[in-house]
Amino acid sequence: MKNKGSRDLNYNKAFIICHGKSEYHIARYIKSNLRLPIFIFANQNGATSIQITSLKSIFKLLNLVYLKLLI
């Protein structure tokens, strides 16, 4: 049974793929201010852009990283 004042915490993990520096700064701001458990992926902290055509290889890389985080 739950206490009247207690709440269940529901944490959703999310990935953000930043294509540039401005997106990286926005994602970092959201993560820190809202205290969300998000994983931000950016090449050199957003200094270099990620092309749309290379997203398939990035998804494979993120899948491996995510599996390592779970272990």
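Residues numbered from 1 in each chain as written. Predicted model: local features only at pLDDT ≥ 70, side-chain atom pairs only at ≥ 80, totals over all residues. Heavy atoms only, no water.

**Q** Pulling in residues and values, what's your account of helix α1 (residues 21–34)?
**A** If you check α1, its first and last C-alpha atoms are 20 Å apart, about what 14 residues at 1.5 Å a residue would give, namely 20 Å. Of the residues flanking the end of α1, it is Arg-35, one or two places downstream, whose phi is positive at about 55°. (Helix = DSSP H or I, 4+ residues; strand = E, 2+ residues; numbered from the N terminus. Expected span 1.5 Å × (residues − 1).)

**Q** Just give me the short version of the nonpolar core, but keep the residues and values in it.
**A** Ranked by size, the top nonpolar core spans six residues in total: Ile-17, Phe-41, Ile-50, Leu-55, Ile-58 and Leu-62. Dropping the residues within four chain positions of it, Phe-41 is found in contact with Ile-16, Ile-17, Cys-18, Ile-50, Ile-58, Leu-61 and Leu-62. Within the second largest apolar cluster, five residues are counted, among which are Cys-18, Tyr-24, Ile-40 and Ala-42. (Core = buried A, V, L, I, M, F, W, Y, C linked by side-chain atoms within 4.5 Å. Buried < 20%, exposed > 50% of the residue type's maximum accessible area, 1.4 Å probe, protein only. Contact = heavy atoms within 4.5 Å.)

**Q** Describe the environment of Asn-45, with residues and values.
**A** As for its placement among the helices and strands, Asn-45 is situated in the loop between β2 (38–41) and α2 (55–70). Residues Asn-45 and Cys-18, spaced 27 residues apart in sequence, show a C-alpha to C-alpha distance of 8.6 Å. Discounting chain neighbours no more than four positions away, the residues touching Asn-45 are Lys-21 and Tyr-24.

Structural measurements only, silent on function.
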